[in-house]
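# A closer look at the structure
Chain by chain, the residues run as shown.
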Amino acid sequence: MQHIVSLNGLKHSYHDGTAALRGISVQIAAGERVAIIGPNGAGKTTLLLHLNGILQATAGTIEICGRKLDRASVAELRPKVGIVFQNADDQLFMPTVLDDVAFGPLNMGLAPDEVSRRVTEALGDVGLAGFERKAPYHLSGGEKKAVAIATVLSMSPEILVLDEPTGSLDHRARRRLIRLLTSLPHTLITATHDLRMVAEVCHRVIILDGGKLAADGPAASILADAKLLEAHGLESPGS
Amino acid sequence: MHHAYVDQLSAMSSPVHRLDPRTKIICTLAFCGIVVSVPADRLALLAWCVPPLCAALAVSRLPLLYFLKRCLLLSPFVATVLVFFPFTQHSGTEVARVGPLHVYSGGLLMSAVLAARFLCTVLAALILACTTPFAALLRGLEKFRVPRMFIMVLSFLYRYLFVLVDESDRMRRARDSRSPRPGGAAALRAAPGMIGMLFIRTYDRSDRVYSAMLARGFDGTVRTLDELHFHVADAAVLAGFAAYFIAVFIVAR
């Protein structure tokens, strides 16, 4: 099977010496929806930030779409991996929704007509057609999250990476997001504490604890293993 | 949301709102230039600046009360100068005496001219700000070759100012909810820590925002879709503006 993401012995230490990742090896196939779960400080966000080269590995290698991610390939591979950050206010930094959704495609050097088409399509996909002129801070939490997803969809990534997508969303916004995520054809990698969402959206679950891989398997069996979840500070979604 | 009233006004629709930001920037700058360069002894000439202002205000359908309040807010800066002029400018004839102070007509005239200039320029700038969404205003300035770095700083300032205000509001609420007497000495003691914390949070946020920019291919240049359109109405307004003031200068000469 062709792996779209391949991590081999990935290690990362922060400047202060904290080892956030201690040798992670994971292969993810195209079209898979994978949840990375684990307690706070397990290294979930650190792992996600490696996937498009924002953080560089201290040791180990990362392959995206069959190519090794390094300084030479980062500019080419970045558009393939769309990262949606935990806090939408960090993701949406332009004065209007239009400017924000157009930011990525314009950086890819696409023609203005194509950019406009992609903006319209991406906003339509997340159910926010007609929001182009709005200022990001006028939007609700759910709308901000949807626009944040549109900002990466407009780059037509192959892999969608989401950090805590349902955090601080109300029930209705969360439902809408889950519907959106299950409708997207992309390979999906999400770090989250929302195990009910994982049960609905993801095929596969990876448990990270203390920077190490603690478990990796089908979502149904891992989420049903209450003992395993509890051992890593997690609560079974059924309980 | 309470801190975005200007945005609500600029999102309204009127012929003035629909003009290209460049037209409005040119008119506003030219108008302010004319207002401040009118000689102080030509009060009549200054009076001719009022009709275009009233016309713009009327056509834009902006709330008058809001404008007057804003002007009042800025007036203390000018008011101090206005009060001293009649006593310090010893030109013209003496019109009154207040104790040991003499009031001269020249000084009064200067005060009146200064007040008129202040009102005209502030109103013009407010009309520009309230009829043009900030993003469009920045785009207009960009077209006039204002340095990109400056535009970027303004753009981020506008984007994150309200986030920062909200953040400091939340911190203040957290402090007050744990202080027996809000606003007392305890609040003062907490202030340096809060300012420091706000700085650190802002610094951290800038790191995260930069990561988000890098993730979407940022390479040092902020690119936006060019969507300013110069219409017939813009040409008509610019031509009308120029014709009006040329006529005023010819008549007043």
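Residues numbered from 1 in each chain as written. Chains lettered and ligands numbered in written order. Predicted model: local features only at pLDDT ≥ 70, side-chain atom pairs only at ≥ 80, totals over all residues.

Secondary structure summary: chain B contains 11 helices and two strands in total. Along the chain direction, N to C, the helices and strands of chain B fall in the order α-α-α-α-α-α-β-β-α-α-α-α-α. For 253 residues, the compact-globule formula gives about 18 Å, and the C-alpha radius of gyration of chain B, at 24 Å, lies well above that figure. A buried classification covers 21% of the 253 residues belonging to chain B. (Helix = DSSP H or I, 4+ residues; strand = E, 2+ residues; numbered from the N terminus. Rg over C-alpha atoms; globule rule 2.2 N^0.38 Å. Buried ≥ 20, exposed ≤ 12 C-beta atoms within 10 Å, placed from the backbone.)

Here we come to the packing of helix H4 (residues 97–107) of chain A against helix H5 (residues 112–125) of chain A. Residue and element names in this part refer to chain A. Running from N to C, H4 and H5 point in directions that differ by 125°, and their axes come no closer than 9 Å. By the criterion of interaxial angle, the relationship of H4 to H5 is oblique. The way H4 lies across H5 gives a crossing that is right-handed. Contacts between H4 and H5 pair Leu98, Val101, Ala102, Pro105 and Leu106 from the former with Val115, Arg118, Val119, Ala122 and Leu123 from the latter. (Axes fitted to C-alpha atoms, helices over the stretch in contact; angles between N-to-C directions. Parallel < 35°, antiparallel > 145°, perpendicular 65-115°, else oblique. Left-handed = near helix turned anticlockwise from the far one by under 90°. Contact = placed C-beta atoms within 7 Å.)

A word on the confidence of the model for chain A. Averaged over all residues, the pLDDT of chain A is 92; the fraction at 70 or higher stands at 99%. At the low end of the mean pLDDT range in chain A sits helix H2 (residues 74–77) of chain A, at 87; at the high end sits strand S3 (residues 33–37) of chain A, at 97. (pLDDT = per-residue confidence, 0-100.)

For the rest of this paragraph, the subject is the sheet that holds strand S1 (residues 3–13) of chain A. Residues and elements named next belong to chain A. Strand order in the open sheet formed by four strands is S2-S1-S4-S5, with antiparallel pairing between adjacent strands. Pairing within the sheet leaves two strands with one partner each, and these edge strands are strand S2 (19–29) and strand S5 (67–68). The pairing of S1 with S2 spans eight bridges and is classified as antiparallel. If you follow Val5 over to S2, its bridge partner there is Ile28. (Pairing = 2+ DSSP bridges.)

Among the secondary structure elements, Thr151(A) is positioned in helix H6 (residues 141–153). Sequence-wise, Thr151(A) and Leu92(A) are 59 residues apart; in three dimensions their C-alpha atoms are separated by 8.2 Å. Excluding its chain neighbours within four sequence positions, the residues that come into contact with Thr151(A) are Gln91(A), Asp100(A), Val101(A), Phe103(A), Gly104(A) and Arg216(B).

Time to look at the sheet that holds strand S8 (residues 187–191) of chain A. Either a parallel or an antiparallel arrangement is found when strands of a sheet pair, and the pairing is made through backbone hydrogen bonds. All names here are of chain A. Spatial strand order, S6-S7-S8-S3-S9-S10: six strands in an open sheet with mixed pairing. Looking at strand neighbours, the two that pair on one side only are strand S6 (81–84) and strand S10 (212–218), the edges of this open sheet. Adjacent strand axes in the sheet meet at a mean angle of 15° when their direction is disregarded. The sheet contact formed by S6 and strand S7 (residues 159–163) spans four bridges and is parallel.

Reports often express the size of an interface as the amount of accessible area lost when the parts come together. Facing the 31 residues of chain A at the interface are 27 residues of chain B. Those elements that provide at least two residues to the side of chain A that touches chain B are helix H3 (88–91), H4 and H5 of chain A. Top element by residues in the side of chain A that touches chain B is H4(A). It accounts for seven residues. Residues belonging to the side of chain A that touches chain B are distributed by class as follows: 18 nonpolar, nine polar and four charged. (Nonpolar A, V, L, I, M, F, W, Y, C, P; charged D, E, K, R; others polar.)

Where burial is concerned, most of H4(A) is hidden: 11 out of the 11 residues are buried. Looking only at H4(A), the buried set comprises Val97(A), Leu98(A), Asp99(A), Asp100(A), Val101(A), Ala102(A), Phe103(A), Gly104(A), Pro105(A), Leu106(A) and Asn107(A). Looking at the packing, one finds that the buried side of H4(A) touches H5 and H6 of chain A together with helix H8 (134–143) of chain B. A positive backbone phi angle near 80° is found at Gly109(A), which sits one or two residues after H4(A).

Here the focus is the domain arrangement of chain B. Residues and elements named next belong to chain B. Taken domain by domain, chain B consists of domain 1 (2–141 + 229–252) and domain 2 (147–215). Computed from C-alpha coordinates alone, the two centres of domain 1 and domain 2 are separated by 34 Å. Of the residues lining the interface, five residues belong to domain 1; the matching set on domain 2 comes to six residues. (Domains from an automatic or database assignment.)

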